[in-house]
Amino acid sequence: MGEGSNFSLVKIEGKPLEKLIEVIGQGIGTLYRPTAIRKEAKAKAFEIEVLAKAQAIANAEGKLIDLETLNTIEQKIIYQQVKKQNNIDKIIDVAFDQVSQEPDVSSEKVDPDWTTRFFNIAEDISNDEMQKLWGRILAGEVKKPGTFSLRTLDLLKNLSKEEALVFTKFAKLLIKSHHTNFIPFVNKDFVYKQLNIPYKEILLMSELGLVITAPDLVMISKGSEKDTGTLFVNGDTGIYVESQPNNSQHHINIIAFTKTGSELATLITFDFDKQYIEYVCESLLTPQSNIRYGKLANIEGTNKELREAIEYKLNF
């Protein structure tokens, strides 16, 4: 919210933002006020509290402390608290931007334990890009509690900026189906070179607990005696596979996303990639199936309706 913010509680209208304010209040233990700590740091009450902390540090170490040293400790504590509040302010800024675009949110309460854990971690997040991710997490949890687990918070807390950048590449390739979230690992050279996902990065994401990979990890499409259809989703693009009766069983090697990896992937936005979508189509296609892809007709991607659908064909 920053020093120049025009934010005011008086302007908060609508359930989404009201709920966000409530969750923030639970997390920081007081009604949220922008730049609160910067103003309170100058107040006498806060100075007394900081002074007491500084004296307690000295007492714990069994030291007699002079006024100059005490003042140094006091200033250090104030600096640390201001920095923590600045981090929280920036994360909340992102959350407000996200939630303000929501027409409504779930009436379900956010778990207090989740809120406490979130803000205990958030106060130490100082990287701009990571702050954006944490802001989106807060907004997502307010919108639908249970979207992000405590395990996901702990994993993201320990994720470096470089590791987050690598994961972003994986997240853009996530294909969602009823059964699992995955990346087709059919043409390894295409994955390594065209998608710029070298094997060492696959190992890294596996070690971090974000994906699962193994030589025998496959997704199986079982045959059926009647017409069947399956929708696969990448971002706002849908791939609809329609199988004819007596279609033979089909399996493809995959890199699967863990629950934590799947949760974090929802934070990443990206543009349509025709080359990748057609690679996925090629991986899923059989002689007894038809495939078309296009923009999802509804945002939740719950049906087979696609806008401006293109039929994918491959000569066997």
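Our subject is the structure that appears above.
Residues numbered from 1 in each chain as written. Predicted model: local features only at pLDDT ≥ 70, side-chain atom pairs only at ≥ 80, totals over all residues. Heavy atoms only, no water.

### Quick word on the nonpolar core
Part 1 of the reasoning: In terms of nonpolar packing, the biggest core is built from 72 residues, with F118, W134, I137, L138, F170 and I239 touching the most fellow members.
Part 2 of the reasoning: With seven residues, helix α6 (residues 128-143) is the largest single contributor of residues to this core.
Part 3 of the reasoning: In contact with F118, other than residues within four places in its own chain, are I91, W134, I137, L138 and L153.
Part 4 of the reasoning: Counting five residues, the second-largest nonpolar core is a separate cluster that includes L231, V233, L296 and L306. (Core = buried A, V, L, I, M, F, W, Y, C linked by side-chain atoms within 4.5 Å. Buried < 20%, exposed > 50% of the residue type's maximum accessible area, 1.4 Å probe, protein only. Helix = DSSP H or I, 4+ residues; strand = E, 2+ residues; numbered from the N terminus. Contact = heavy atoms within 4.5 Å.)

### Details of the side chain of E263
Part 1 of the reasoning: Relative to the assigned elements, E263 resides in helix α11 (residues 259-265).
Part 2 of the reasoning: Looking at E263, the relative accessible area reads 7%, which means it is buried.
Part 3 of the reasoning: At a separation of 2.4 Å, a polar atom in the side chain of E263 contacts the side chain of K259.
Part 4 of the reasoning: In this view, E263 contacts T147, F148, S149 and T152; residues no more than four positions away in its chain are not counted. (Polar contact = N/O pair within 3.5 Å; in protein donor to acceptor, adjacent residues only side chain to side chain.)

### Points about the pattern of salt bridges
Part 1 of the reasoning: Taken as a whole, this structure holds nine salt bridges when the rule is applied.
Part 2 of the reasoning: Close ionic contact of E22 with K109 constitutes a salt bridge, the shortest N to O distance being 2.8 Å. Of this pair, E22 sits in helix α1 (residues 15-28) while K109 sits in the loop between α4 (67-99) and α5 (112-122), and the two are 87 residues apart along the sequence.
Part 3 of the reasoning: Taking the relative accessible area as the measure of exposure, K109 reaches 56% and is therefore exposed.
Part 4 of the reasoning: The shortest N-O distance in the salt bridge between D154 and R117 comes to 2.8 Å. In this pair, D154 sits in helix α7 (residues 150-157) while R117 sits in helix α5, placing the two residues 37 residues apart along the sequence.
Part 5 of the reasoning: Accessibility expressed as a relative area gives 29% for R117, which makes it partly exposed.
Part 6 of the reasoning: Among the ionic contacts, a cluster of salt bridges with common partners joins K84, E123 and D124. (Salt bridge = Lys/Arg side-chain N within 4 Å of Asp/Glu carboxyl O.)

### What about the packing of aromatic side chains?
Part 1 of the reasoning: Per the stated rule, a full pass over the model turns up nine aromatic pairs.
Part 2 of the reasoning: When the ring of F190 is compared with that of Y279, the centres are 4.4 Å apart and the planes differ by 20°; the resulting orientation is stacked. Taken as a pair, F190 in helix α9 (residues 188-194) and Y279 in helix α12 (residues 274-284) lie far apart in primary sequence, 89 residues in all. Each member of the pair, F190 as well as Y279, is classed as buried. (Phe/Tyr/Trp six-rings, centres within 6.5 Å; stacked < 30°, edge-to-face > 60°.)

Purely geometric stuff here, so don't read any function into it on its own.
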